[in-house]
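In case you want the letters, here they are:
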Amino acid sequence: MDYPYSDRLREVRKAHKLNQATFAEKAGISLSIYSKWEGGSRQPSRKMYRQLVNTYPEINI
């Protein structure tokens, strides 16, 4: 992700009108990991990024 990934994740989550827990659950990701991504303290691995894009294609920019 070239765009600041934490901002993009937050934008897509809010566009779906979901809280972090529901957004992460739908993508099959733990809330603790997702919240670190959105907070900017960690970045998704390629595998996890692909998993997010499979669930939320608009994340891929």
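Residues numbered from 1 in each chain as written. Predicted model: local features only at pLDDT ≥ 70, side-chain atom pairs only at ≥ 80, totals over all residues. Heavy atoms only, no water.

In this structure, what is going on with the overall build of the chain? I would like to understand it.
Within the chain, the regular secondary structure consists of 4 helices and 0 strands. Counting helices and strands in the order they occur from the N terminus, the chain gives α-α-α-α. Taken over the C-alpha trace, the chain has a radius of gyration of 10 Å; the compact-globule value for 61 residues is 10 Å, and the two agree within 12%. Its C-alpha atoms put the chain at 25 × 20 × 20 Å along the principal axes. A burial count over the chain gives 33% of its 61 residues as buried. Taking as baseline every contact in the chain between residues at least 6 positions apart, the subset at least 24 positions apart corresponds to 52%. Just so you have it, the chain exposes about 3900 Å², and 46% of that area is on carbon and sulfur atoms. (Helix = DSSP H or I, 4+ residues; strand = E, 2+ residues; numbered from the N terminus. Rg over C-alpha atoms; globule rule 2.2 N^0.38 Å. Buried < 20%, exposed > 50% of the residue type's maximum accessible area, 1.4 Å probe, protein only. Contact = heavy atoms within 4.5 Å. Areas by Shrake-Rupley, 256 points an atom, 1.4 Å probe, with all protein chains shown as cover.)

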